[in-house]
Amino acid sequence: MKVITEIPRMREIVEGLKREGRFVGLVPTMGYFHEGHLELMRRARSECDVVVVSLFVNPTQFGAGEDFDIYPRDLKRDCSMVESEGVDYLFYPSVEEMYPEGFQTYVEVEELSKVMCGVSRHGHFRGVATVVAKLFNIIPADRAYFGQKDAQQLVIIKRMAEDLNFNVEIIPVETVREPDGVAMSSRNAYLNSEERKQAVVLYRSLEKAREIIEKGERRSRLIREEMKKIIKEAPLVTLEYIVICDNIFLRELDIINGEVLIAIAARVGKARLIDNIVVDV
Ligand code: AMP
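Here is what the cut-offs are and how they apply
- Residues numbered from 1 in each chain as written.
- Predicted model: local features only at pLDDT ≥ 70, side-chain atom pairs only at ≥ 80, totals over all residues.
- Heavy atoms only, no water.
- Helix = DSSP H or I, 4+ residues; strand = E, 2+ residues; numbered from the N terminus.
- Rg over C-alpha atoms; globule rule 2.2 N^0.38 Å.
- Buried < 20%, exposed > 50% of the residue type's maximum accessible area, 1.4 Å probe, protein only.
- Contact = heavy atoms within 4.5 Å.
- Areas by Shrake-Rupley, 256 points an atom, 1.4 Å probe, with all protein chains shown as cover.
- Lys, Arg positive; Asp, Glu negative; His and termini not counted.
- Charge placed at Lys NZ, Arg CZ, Asp CG, Glu CD.
- Axes fitted to C-alpha atoms, helices over the stretch in contact; angles between N-to-C directions.
- Parallel < 35°, antiparallel > 145°, perpendicular 65-115°, else oblique.
- Left-handed = near helix turned anticlockwise from the far one by under 90°.
- Expected span 1.5 Å × (residues − 1).
- Pairing = 2+ DSSP bridges.
- Right-handed = clockwise from strand over helix to strand, strands pointing away.

Peer 1: Summarise the overall build of the protein; cite the residues concerned and give the values.
Peer 2: Within the protein one finds 10 helices and nine strands. Rg of the C-alpha trace for the protein: 19 Å, near the compact-globule value of 19 Å for 281 residues, within the 12% margin. Taken across its 281 residues, the protein has 53% of its residues classed as buried. Considering only contacts within the protein whose residues lie at least 6 apart along the sequence, 72% involve residues at least 24 apart. Split by element, the accessible area of the protein, about 13,500 Å² in all, is 47% carbon and sulfur. Both charge centroids of the protein, one from 39 positive and one from 46 negative side chains, sit 3 Å from each other.

This is the structure we're talking about:
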(Lines give C-alpha, C1' and ligand atoms only; values in the text may rest on other atoms or scores of the structure.)
Protein backbone atom coordinates (compact mmCIF):
# COMPACT_ATOMS: atom_id res chain seq x y z
CA MET A 1 0.00 0.00 0.00
CA LYS A 2 1.35 3.39 -1.00
CA VAL A 3 0.55 6.65 0.79
CA ILE A 4 0.26 9.60 -1.62
CA THR A 5 0.09 13.15 -0.28
CA GLU A 6 0.37 15.24 -3.46
CA ILE A 7 -2.47 15.91 -5.91
CA PRO A 8 -0.43 15.79 -9.18
CA ARG A 9 1.18 12.48 -8.18
CA MET A 10 -2.18 10.94 -7.24
CA ARG A 11 -3.77 12.01 -10.51
CA GLU A 12 -0.80 10.79 -12.54
CA ILE A 13 -1.02 7.34 -10.92
CA VAL A 14 -4.76 6.94 -11.51
CA GLU A 15 -4.59 8.27 -15.08
CA GLY A 16 -1.78 5.77 -15.78
CA LEU A 17 -3.85 2.91 -14.37
CA LYS A 18 -6.86 3.94 -16.46
CA ARG A 19 -4.72 4.02 -19.62
CA GLU A 20 -3.72 0.42 -18.86
CA GLY A 21 -7.44 -0.43 -18.76
CA ARG A 22 -7.61 -1.00 -15.01
CA PHE A 23 -10.92 -0.50 -13.20
CA VAL A 24 -10.47 1.91 -10.29
CA GLY A 25 -12.57 2.19 -7.12
CA LEU A 26 -12.48 5.16 -4.76
CA VAL A 27 -13.52 5.19 -1.09
CA PRO A 28 -13.59 8.74 0.33
CA THR A 29 -13.26 8.94 4.13
CA MET A 30 -12.25 11.13 7.04
CA GLY A 31 -10.39 8.26 8.72
CA TYR A 32 -10.50 6.80 12.23
CA PHE A 33 -11.67 3.62 10.59
CA HIS A 34 -14.29 1.22 11.86
CA GLU A 35 -16.09 -1.74 10.29
CA GLY A 36 -18.34 0.63 8.30
CA HIS A 37 -15.36 2.08 6.46
CA LEU A 38 -13.84 -1.38 6.04
CA GLU A 39 -17.05 -2.66 4.47
CA LEU A 40 -16.79 0.06 1.80
CA MET A 41 -13.18 -0.94 1.14
CA ARG A 42 -14.07 -4.65 0.94
CA ARG A 43 -16.84 -3.93 -1.52
CA ALA A 44 -14.44 -1.85 -3.63
CA ARG A 45 -11.78 -4.55 -3.35
CA SER A 46 -14.20 -7.21 -4.61
CA GLU A 47 -15.38 -5.13 -7.59
CA CYS A 48 -12.30 -3.18 -8.77
CA ASP A 49 -8.77 -3.85 -9.97
CA VAL A 50 -7.32 -0.98 -7.97
CA VAL A 51 -8.66 0.53 -4.74
CA VAL A 52 -7.87 4.07 -3.64
CA VAL A 53 -8.96 5.24 -0.19
CA SER A 54 -8.82 8.95 0.55
CA LEU A 55 -8.34 10.11 4.13
CA PHE A 56 -8.95 13.80 4.63
CA VAL A 57 -10.67 15.49 7.57
CA ASN A 58 -12.24 18.18 5.42
CA PRO A 59 -12.38 21.53 7.24
CA THR A 60 -14.94 23.07 4.86
CA GLN A 61 -17.65 20.64 5.93
CA PHE A 62 -17.35 21.57 9.62
CA GLY A 63 -19.19 24.66 10.86
CA ALA A 64 -17.87 27.15 13.41
CA GLY A 65 -18.05 25.52 16.83
CA GLU A 66 -18.26 22.01 15.35
CA ASP A 67 -15.76 19.23 16.07
CA PHE A 68 -13.07 19.74 13.39
CA ASP A 69 -10.27 20.24 15.95
CA ILE A 70 -11.21 17.30 18.12
CA TYR A 71 -12.34 14.94 15.32
CA PRO A 72 -10.62 11.61 16.13
CA ARG A 73 -7.47 10.95 14.10
CA ASP A 74 -5.06 8.00 14.16
CA LEU A 75 -3.05 7.68 10.96
CA LYS A 76 -0.88 4.81 12.13
CA ARG A 77 -3.83 2.63 13.06
CA ASP A 78 -5.72 3.64 9.90
CA CYS A 79 -2.73 2.75 7.71
CA SER A 80 -2.44 -0.74 9.13
CA MET A 81 -6.21 -1.26 8.73
CA VAL A 82 -6.28 -0.24 5.05
CA GLU A 83 -3.17 -2.31 4.47
CA SER A 84 -4.87 -5.44 5.76
CA GLU A 85 -7.90 -4.78 3.53
CA GLY A 86 -5.64 -4.94 0.47
CA VAL A 87 -6.08 -1.27 -0.44
CA ASP A 88 -3.59 -0.15 -3.09
CA TYR A 89 -3.31 3.59 -2.44
CA LEU A 90 -4.10 5.86 0.48
CA PHE A 91 -4.53 9.48 -0.63
CA TYR A 92 -3.68 11.58 2.42
CA PRO A 93 -3.37 15.25 1.44
CA SER A 94 -2.78 18.15 3.83
CA VAL A 95 -5.32 20.94 4.23
CA GLU A 96 -2.92 23.26 2.33
CA GLU A 97 -2.71 20.76 -0.54
CA MET A 98 -6.51 20.67 -0.89
CA TYR A 99 -7.22 24.33 -0.04
CA PRO A 100 -4.20 26.44 -0.98
CA GLU A 101 -4.23 30.16 -0.32
CA GLY A 102 -6.70 31.87 -2.64
CA PHE A 103 -9.12 28.93 -2.83
CA GLN A 104 -12.65 30.24 -3.41
CA THR A 105 -14.66 27.88 -5.59
CA TYR A 106 -17.42 25.78 -4.05
CA VAL A 107 -20.02 23.28 -5.25
CA GLU A 108 -23.52 23.79 -3.93
CA VAL A 109 -26.29 21.21 -4.37
CA GLU A 110 -28.94 23.76 -3.60
CA GLU A 111 -32.28 22.35 -2.45
CA LEU A 112 -31.08 19.00 -1.11
CA SER A 113 -28.58 20.77 1.17
CA LYS A 114 -31.21 22.92 2.90
CA VAL A 115 -33.24 20.16 4.55
CA MET A 116 -32.61 17.61 7.31
CA CYS A 117 -28.99 17.97 8.55
CA GLY A 118 -28.66 21.12 6.42
CA VAL A 119 -31.02 22.96 8.79
CA SER A 120 -28.60 22.84 11.73
CA ARG A 121 -25.33 22.35 9.81
CA HIS A 122 -25.13 25.41 7.55
CA GLY A 123 -22.57 24.98 4.80
CA HIS A 124 -21.89 21.35 5.73
CA PHE A 125 -23.07 19.88 2.44
CA ARG A 126 -21.39 22.63 0.44
CA GLY A 127 -18.13 21.48 2.03
CA VAL A 128 -18.96 17.82 1.34
CA ALA A 129 -19.94 18.42 -2.30
CA THR A 130 -16.85 20.55 -2.88
CA VAL A 131 -14.37 18.08 -1.46
CA VAL A 132 -15.99 15.11 -3.20
CA ALA A 133 -15.96 17.00 -6.54
CA LYS A 134 -12.27 17.72 -5.98
CA LEU A 135 -11.62 14.05 -5.16
CA PHE A 136 -13.47 12.94 -8.31
CA ASN A 137 -11.19 15.22 -10.35
CA ILE A 138 -8.00 14.17 -8.57
CA ILE A 139 -8.90 10.47 -8.62
CA PRO A 140 -10.91 9.80 -11.81
CA ALA A 141 -12.25 6.47 -10.55
CA ASP A 142 -14.80 4.25 -12.30
CA ARG A 143 -16.73 3.70 -9.09
CA ALA A 144 -16.96 5.56 -5.78
CA TYR A 145 -18.33 3.95 -2.63
CA PHE A 146 -20.44 5.76 -0.03
CA GLY A 147 -22.25 4.54 3.07
CA GLN A 148 -26.02 4.52 3.35
CA LYS A 149 -25.41 5.61 6.96
CA ASP A 150 -25.02 9.18 5.62
CA ALA A 151 -28.22 9.00 3.57
CA GLN A 152 -28.51 12.70 2.77
CA GLN A 153 -24.86 12.88 1.77
CA LEU A 154 -25.40 9.94 -0.57
CA VAL A 155 -28.43 11.57 -2.21
CA ILE A 156 -26.49 14.85 -2.61
CA ILE A 157 -23.44 13.16 -4.13
CA LYS A 158 -25.56 11.17 -6.57
CA ARG A 159 -27.25 14.43 -7.60
CA MET A 160 -23.96 16.28 -7.95
CA ALA A 161 -22.36 13.50 -10.01
CA GLU A 162 -25.36 13.52 -12.34
CA ASP A 163 -25.74 17.31 -12.56
CA LEU A 164 -22.02 17.95 -13.16
CA ASN A 165 -21.54 14.91 -15.44
CA PHE A 166 -18.86 13.20 -13.39
CA ASN A 167 -17.96 9.98 -15.13
CA VAL A 168 -18.19 7.87 -11.98
CA GLU A 169 -20.72 5.35 -10.73
CA ILE A 170 -21.86 6.00 -7.16
CA ILE A 171 -22.21 2.77 -5.19
CA PRO A 172 -24.21 2.81 -1.94
CA VAL A 173 -23.14 0.43 0.84
CA GLU A 174 -25.48 -0.75 3.62
CA THR A 175 -25.02 0.66 7.13
CA VAL A 176 -22.79 -1.46 9.35
CA ARG A 177 -24.04 -1.66 12.93
CA GLU A 178 -22.74 -2.60 16.38
CA PRO A 179 -24.24 -5.79 17.86
CA ASP A 180 -26.95 -3.75 19.65
CA GLY A 181 -27.93 -2.00 16.41
CA VAL A 182 -26.17 1.37 16.87
CA ALA A 183 -24.76 2.53 13.53
CA MET A 184 -20.97 2.54 13.55
CA SER A 185 -19.55 6.05 13.49
CA SER A 186 -16.22 7.68 14.28
CA ARG A 187 -18.26 10.07 16.46
CA ASN A 188 -19.41 7.23 18.75
CA ALA A 189 -15.97 7.75 20.34
CA TYR A 190 -17.41 10.92 21.95
CA LEU A 191 -19.98 8.95 23.97
CA ASN A 192 -19.51 7.87 27.59
CA SER A 193 -20.84 4.46 28.55
CA GLU A 194 -24.29 5.64 29.65
CA GLU A 195 -24.71 7.78 26.51
CA ARG A 196 -23.57 4.87 24.37
CA LYS A 197 -26.21 2.64 25.98
CA GLN A 198 -28.98 5.17 25.39
CA ALA A 199 -27.88 5.86 21.79
CA VAL A 200 -29.54 2.59 20.80
CA VAL A 201 -32.95 4.32 20.83
CA LEU A 202 -32.20 5.81 17.40
CA TYR A 203 -31.98 2.35 15.89
CA ARG A 204 -34.89 1.06 17.97
CA SER A 205 -37.12 3.88 16.79
CA LEU A 206 -36.26 3.09 13.16
CA GLU A 207 -37.00 -0.58 13.73
CA LYS A 208 -40.33 0.41 15.31
CA ALA A 209 -41.12 2.45 12.20
CA ARG A 210 -40.31 -0.52 9.99
CA GLU A 211 -42.49 -2.78 12.12
CA ILE A 212 -45.59 -0.57 12.01
CA ILE A 213 -45.14 0.06 8.26
CA GLU A 214 -45.01 -3.70 7.73
CA LYS A 215 -48.31 -3.89 9.65
CA GLY A 216 -49.83 -1.41 7.21
CA GLU A 217 -49.30 2.08 8.68
CA ARG A 218 -48.78 4.68 5.92
CA ARG A 219 -49.30 7.99 7.78
CA SER A 220 -45.96 9.71 8.47
CA ARG A 221 -47.28 11.70 11.42
CA LEU A 222 -48.25 8.55 13.28
CA ILE A 223 -45.01 6.79 12.40
CA ARG A 224 -43.05 9.79 13.76
CA GLU A 225 -45.11 9.80 16.95
CA GLU A 226 -44.32 6.14 17.62
CA MET A 227 -40.63 6.82 17.01
CA LYS A 228 -40.65 9.81 19.37
CA LYS A 229 -42.09 7.68 22.19
CA ILE A 230 -39.02 5.45 21.98
CA ILE A 231 -36.59 8.39 21.86
CA LYS A 232 -38.24 9.83 24.99
CA GLU A 233 -37.27 6.71 26.94
CA ALA A 234 -33.64 7.90 26.77
CA PRO A 235 -33.15 11.13 28.77
CA LEU A 236 -29.60 11.71 27.44
CA VAL A 237 -30.86 11.72 23.84
CA THR A 238 -32.20 15.01 22.44
CA LEU A 239 -34.03 14.57 19.19
CA GLU A 240 -33.12 17.00 16.40
CA TYR A 241 -35.34 15.65 13.64
CA ILE A 242 -37.24 12.70 12.28
CA VAL A 243 -37.82 13.09 8.54
CA ILE A 244 -39.86 10.72 6.38
CA CYS A 245 -39.28 11.56 2.72
CA ASP A 246 -38.61 10.21 -0.75
CA ASN A 247 -35.05 9.04 -1.37
CA ILE A 248 -34.25 11.20 -4.43
CA PHE A 249 -35.57 14.72 -3.76
CA LEU A 250 -35.84 14.40 0.04
CA ARG A 251 -39.39 15.78 -0.06
CA GLU A 252 -41.36 15.02 3.08
CA LEU A 253 -44.33 12.71 2.64
CA ASP A 254 -47.62 12.78 4.53
CA ILE A 255 -48.53 9.34 3.24
CA ILE A 256 -45.63 7.04 2.44
CA ASN A 257 -45.34 5.32 -0.89
CA GLY A 258 -42.50 3.84 -3.00
CA GLU A 259 -38.91 4.02 -1.76
CA VAL A 260 -39.05 5.95 1.49
CA LEU A 261 -36.19 7.28 3.60
CA ILE A 262 -36.77 7.50 7.34
CA ALA A 263 -33.96 9.55 8.83
CA ILE A 264 -33.24 10.64 12.37
CA ALA A 265 -30.70 12.98 14.00
CA ALA A 266 -30.13 13.48 17.71
CA ARG A 267 -27.67 14.91 20.17
CA VAL A 268 -26.26 12.48 22.68
CA GLY A 269 -23.79 14.15 25.02
CA LYS A 270 -21.11 15.81 22.89
CA ALA A 271 -22.03 13.78 19.82
CA ARG A 272 -24.54 14.49 17.10
CA LEU A 273 -25.67 11.12 15.76
CA ILE A 274 -27.62 10.26 12.63
CA ASP A 275 -29.21 7.06 11.42
CA ASN A 276 -31.77 5.99 8.84
CA ILE A 277 -33.51 3.15 7.09
CA VAL A 278 -34.90 2.90 3.58
CA VAL A 279 -38.18 1.05 3.23
CA ASP A 280 -39.87 0.02 0.02
CA VAL A 281 -43.60 0.51 0.51
P1 AMP B 1 -16.59 9.34 7.25
O2 AMP B 1 -15.15 8.94 7.46
O3 AMP B 1 -17.40 9.33 8.49
O4 AMP B 1 -16.72 10.60 6.43
O5 AMP B 1 -17.21 8.20 6.36
C6 AMP B 1 -16.63 7.77 5.17
C7 AMP B 1 -17.59 6.89 4.43
O8 AMP B 1 -17.91 5.76 5.25
C9 AMP B 1 -18.92 7.58 4.09
O10 AMP B 1 -19.34 7.20 2.80
C11 AMP B 1 -19.84 7.06 5.15
O12 AMP B 1 -21.19 7.04 4.76
C13 AMP B 1 -19.32 5.64 5.32
N14 AMP B 1 -19.72 5.10 6.62
C15 AMP B 1 -19.55 5.69 7.83
N16 AMP B 1 -20.10 4.92 8.80
C17 AMP B 1 -20.65 3.84 8.17
C18 AMP B 1 -21.36 2.69 8.62
N19 AMP B 1 -21.65 2.49 9.89
N20 AMP B 1 -21.77 1.80 7.69
C21 AMP B 1 -21.49 1.99 6.37
N22 AMP B 1 -20.81 3.05 5.89
C23 AMP B 1 -20.40 3.96 6.78
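Peer 1: I'd like to hear about the packing of helix α9 (residues 200-214) against helix α10 (residues 220-232), residue by residue, with values.
Peer 2: Each pair of packed helices can be described by the angle between their axes along with the distance between the axes. Relative orientation of the contacting elements α9 and α10 amounts to 150 degrees, with a least axis distance of 9 Å. Judged by the angle between their axes, α9 and α10 are roughly antiparallel. Of the two elements, α9 crosses α10, and the hand of that crossing is right-handed. Contact residues: V201, L202, R204, S205, L206, K208, A209, I212 and I213 in α9; I223, E226, M227, I230 and I231 in α10.

Peer 1: Any chance you could break down helix α7 (residues 151-163) for me, citing the residues and the numbers?
Peer 2: Since the α-helix advances by 3.6 residues per turn, residues separated by three or four positions end up pointing in the same direction. Helix length check: α7 (13 residues) gives 18 Å between terminal C-alpha atoms against 18 Å at 1.5 Å per residue, within 8%. All buried positions along α7 are accounted for by A151, Q152, Q153, L154, V155, I156, I157, M160 and A161. Elements in contact with the buried residues of α7: α5 (117-120), α6 (124-138), β5 (143-147), β6 (169-173), β8 (259-268) and β9 (271-280). Of the residues trailing α7, N165 is marked for its positive phi of about 60 degrees.

Peer 1: Requested: an account of the pairing of β6, with residues and values cited.
Peer 2: Strand residues, when the strand is regular, have side chains that alternate between the two faces of the sheet. Relative to β6, β5 runs parallel, the two being bridged by five bridges. Opposite F146, over in β6, you have P172 as the bridge partner. What joins β5 to β6 is α7, and the crossover it makes is right-handed.

Honestly, that's just the spatial picture; any functional story needs more than this.
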